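Each chain is listed here by its residues.
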Amino acid sequence: MREDAQDAASRVDEARLWQRHMEMAEIGAIPGNGVNRAAFSKEDIAARKRLIGWARARGYAIATDAIGNLFIRRAGSDPNAPPVMTGSHMDSQPRGGRFDGIYGVLAGLEALEAMDAAGVCTRRPVELVAWSNEEGGRFPPCTMGSAVYTGARAVSDFESVIDNEGVRLGNALKETLEAFPDLERRALNAPAAGYIEAHIEQGPLLEREGKTIGVVTGIQGLRWFNVEILGESGHAGTTPVSTRRDALREAITAINALHELTRDASDTVRFTIGRVLVTPNSPNTIPSHVLFSVDLRHPDPATIARLGNAVEPTIRRAVQTCAIKVTPTLHDDPCAFDPAVIASIEHAAQALALPYRRMPSGASHDAMYMARVCPTGMIFVPCEKGVSHNEAENARPEDLAAGARVLAAALVELANR
Ligand code: GLV
Ligand code: MN
Ligand code: MN
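We now turn to the structure provided with this report. (Residues numbered from 1 in each chain as written. Chains lettered and ligands numbered in written order. Predicted model: local features only at pLDDT ≥ 70, side-chain atom pairs only at ≥ 80, totals over all residues. Heavy atoms only, no water.)

1. So, the coordination of the manganese ion (ligand 3)
Working reference: metal with six octahedral donors, ideal angles 90 or 180 degrees; metal with four tetrahedral donors, ideal angle 109.5 degrees.
Okay, step 1: Donor atoms from the polypeptide that coordinate the manganese ion (ligand 3) comprise D100 (OD), E135 (OE), E135 (OE) and H389 (NE2), at 2.1 to 2.5 Å from the metal.
Okay, step 2: In this structure, the manganese ion (ligand 3) lies 3.5 Å away from the manganese ion (ligand 2), the two metals sharing D100 as a donor. In this pair, D100 is assigned in the loop between strand 5 (84–89) and helix 4 (102–118) and H389 in the loop between strand 17 (376–381) and helix 12 (397–415), connecting sequence segments 289 residues apart.
Okay, step 3: Exposure remark for D100: the relative accessible area of 6% places this residue in the buried category. (Donors = N, O, S within 2.8 Å, 3.2 Å for Na, K, Ca; no water. Helix = DSSP H or I, 4+ residues; strand = E, 2+ residues; numbered from the N terminus. Buried < 20%, exposed > 50% of the residue type's maximum accessible area, 1.4 Å probe, protein only.)

Now the structure itself:
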């Protein structure tokens, strides 16, 4: 490993990195040690302000774009060279933990500051990005900021998405951007020379095997759908069951059929219905409308294509009395990361004498979209018992710092290519 990469890694400050996690966890704190920091909420704005404050104190250049992605740039010696990027997200699940996403942002900031402390000058700029709305918990779908940044989707595709309270994404995004009137607004789709995202594993393998670093090889495929079941409301006491068009009853039948469709003896298919909205949601009125989400994942392109294509026909066969509307909201094929970036991360782990393993990611990340436009890789660190999307999510300061060291070293390597 280059000497300056080693130097940068050695200047990662474990205590500062941990302290920043705790300070970010104050924003949107919920009982049980968790956080609720929905995309484009006042908590999201507060987190952006805190991050910008830390970046300004270092003199980094700060910018945003049309979907609210936030960019923090440490200059390189060649100002015309496209940057090497790193980052993750600051939004959380409604009952999320203190590390999902925010770790990659704070580890990225720590890597930039470690380069400062080591007096490292890279040829390319190194740019930290905090992607907007990675979780999609408030405004589906997930990984929205990187999808727009890389040109896979347009902001206009998402402006009319509404949250559970009926707020339009377009309005919440406008409020978020208006909270930062002084930030430079930059174009979408700027070229990047590479991207490395650090993240907690969100699964149990690293902890179980006593490994500190996961060198991520790719991400499994993911398809999301919104399913609407359209029935008719009526009085619970008077309407004969034989004449009802009960949207919830039909939704349950459809959901059971989907569970049958995705039954898998090898336990590789991931199928989740995590969001159900019932209208009018009153104990004594027959539900007229049900919306539920489908989250389907698999590492094999042919399997996810087959299962995803069967979602709508399966629901159509199951539902007898109601109309249905099935809207695909996300279709990400499995992705493989760049062999050279994977090798850089692996070399950094070896040079820092950290136990590591290669592994695929079951969770989705913004790295999936970045992999379409530049050489990309990811670094995982262990989290306690693999628990994530849960208030109890936990990680050890020393593991977070180890991941930031690998990140700093790999970024310095890539930024000098
Ligand atoms: C990201 O949070 C995902 O759903 O994988
Ligand atoms: Mn995440
Ligand atoms: Mn998440």
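Past the structure itself, the notes keep going.
2. Remarks on the coordination of the manganese ion (ligand 2)
Okay, step 1: Those protein atoms acting as donors to the manganese ion (ligand 2) are H89 (NE2), D100 (OD) and H199 (NE2), and they sit at 2.0 to 2.3 Å.
Okay, step 2: Every donor residue of the manganese ion (ligand 2) comes from the same chain, spaced as H-x10-D-x98-H.

3. Regarding the layout of surface pockets
Okay, step 1: As a volume, the second largest pocket reaches approximately 400 Å³.
Okay, step 2: Lining the second largest pocket are 23 residues, and of these V161, I162, N226, L291 and T329 lie nearest its centre.
Okay, step 3: Those elements giving two or more residues to the lining of the second largest pocket turn out to be strand 10 (221–230), strand 12 (276–279), strand 13 (289–298) and strand 14 (323–332).
Okay, step 4: Considering every element that reaches the lining of the second largest pocket, the biggest residue donor is strand 14, with 4 residues.
Okay, step 5: Partitioned by chemical class, the residues of the lining of the second largest pocket number 8 nonpolar, 8 polar and 7 charged. (1 Å grid on protein atoms, 1.4 Å probe; cavity = no way out; pocket = protein on both sides within 12 Å on 5 of 7 lines; lining within 4 Å. Points joined across faces, edges and corners; volume = space filled by probe spheres on them. Nonpolar A, V, L, I, M, F, W, Y, C, P; charged D, E, K, R; others polar.)

4. Looking at helix 2 (residues 14–25)
Okay, step 1: Helix length check: helix 2 (12 residues) gives 17 Å between terminal C-alpha atoms against 16 Å at 1.5 Å per residue, within 8%.
Okay, step 2: Looking at helix 2, one finds that the buried residues are L17, R20, H21, M24 and A25. Taken down its axis, helix 2 places every buried residue within 135 degrees of arc, on the same side.
Okay, step 3: Each element contacted by the buried residues of helix 2 is listed here: strand 1 (29–30), strand 2 (34–35), helix 3 (42–57), helix 4 and helix 12.
Okay, step 4: The N-cap of helix 2, judged by a side-chain oxygen 3.1 Å from the amide nitrogen of A15 a few residues on, is D13. (Expected span 1.5 Å × (residues − 1). Arc of directions from axis to C-beta. Contact = heavy atoms within 4.5 Å. Polar contact = N/O pair within 3.5 Å; in protein donor to acceptor, adjacent residues only side chain to side chain.)

5. Here's the deal with the packing of aromatic side chains
Okay, step 1: Inspection of the entire model under this criterion finds 5 aromatic pairs.
Okay, step 2: Residues W131 and Y195 carry aromatic rings whose centres are separated by 6.1 Å and whose planes lie at 65 degrees to one another, so their mutual orientation is edge-to-face. Separated by 64 residues along the polypeptide, W131 in strand 6 (residues 126–131) and Y195 in strand 8 (residues 194–200) bring together distant segments of the chain. Across the pair, Y195 and W131 agree in class, each one buried.
Okay, step 3: A network of ring pairs unites the aromatic residues F71, W131, Y149 and Y195 as a single cluster.
Okay, step 4: In this structure, K49 is placed above the aromatic ring of F180, and the distance from its NZ or CZ to the ring centre is 5.9 Å. (Phe/Tyr/Trp six-rings, centres within 6.5 Å; stacked < 30°, edge-to-face > 60°. Lys NZ or Arg CZ within 6 Å of the ring centre and 35° of its normal.)

6. With respect to the nonpolar core
Most often, soluble globular proteins keep nonpolar side chains buried together rather than apart.
Okay, step 1: In this structure, M24, L51, M85, I196 and I213 are the most contacted members of the largest nonpolar core, which totals 83 residues.
Okay, step 2: Ranked by the residues each element gives to this core, the list is headed by helix 12, at 13 residues.
Okay, step 3: Residues within four places of I196 in sequence aside, it is in contact with M85, T86, G87, V341, I345, G377, I379, L407, A410, L411 and L414. (Core = buried A, V, L, I, M, F, W, Y, C linked by side-chain atoms within 4.5 Å.)

7. So, the packing of helix 2 against helix 3
Okay, step 1: Remark: helix 2 packs on helix 3, axes separated minimally by 10 Å, with the N-to-C direction vectors making an angle of 150 degrees. With respect to helix 3, the axis of helix 2 lies roughly antiparallel. The two elements helix 2 and helix 3 meet at a crossing, and its hand is right-handed. Contacts between helix 2 and helix 3 involve R20, E23 and M24 on the former and, on the latter, A47, R50, L51 and W54.
Okay, step 2: Grouping the constituent residues of the contact of helix 2 with helix 3 by class yields 4 nonpolar, no polar and 3 charged. (Axes fitted to C-alpha atoms, helices over the stretch in contact; angles between N-to-C directions. Parallel < 35°, antiparallel > 145°, perpendicular 65-115°, else oblique. Left-handed = near helix turned anticlockwise from the far one by under 90°.)

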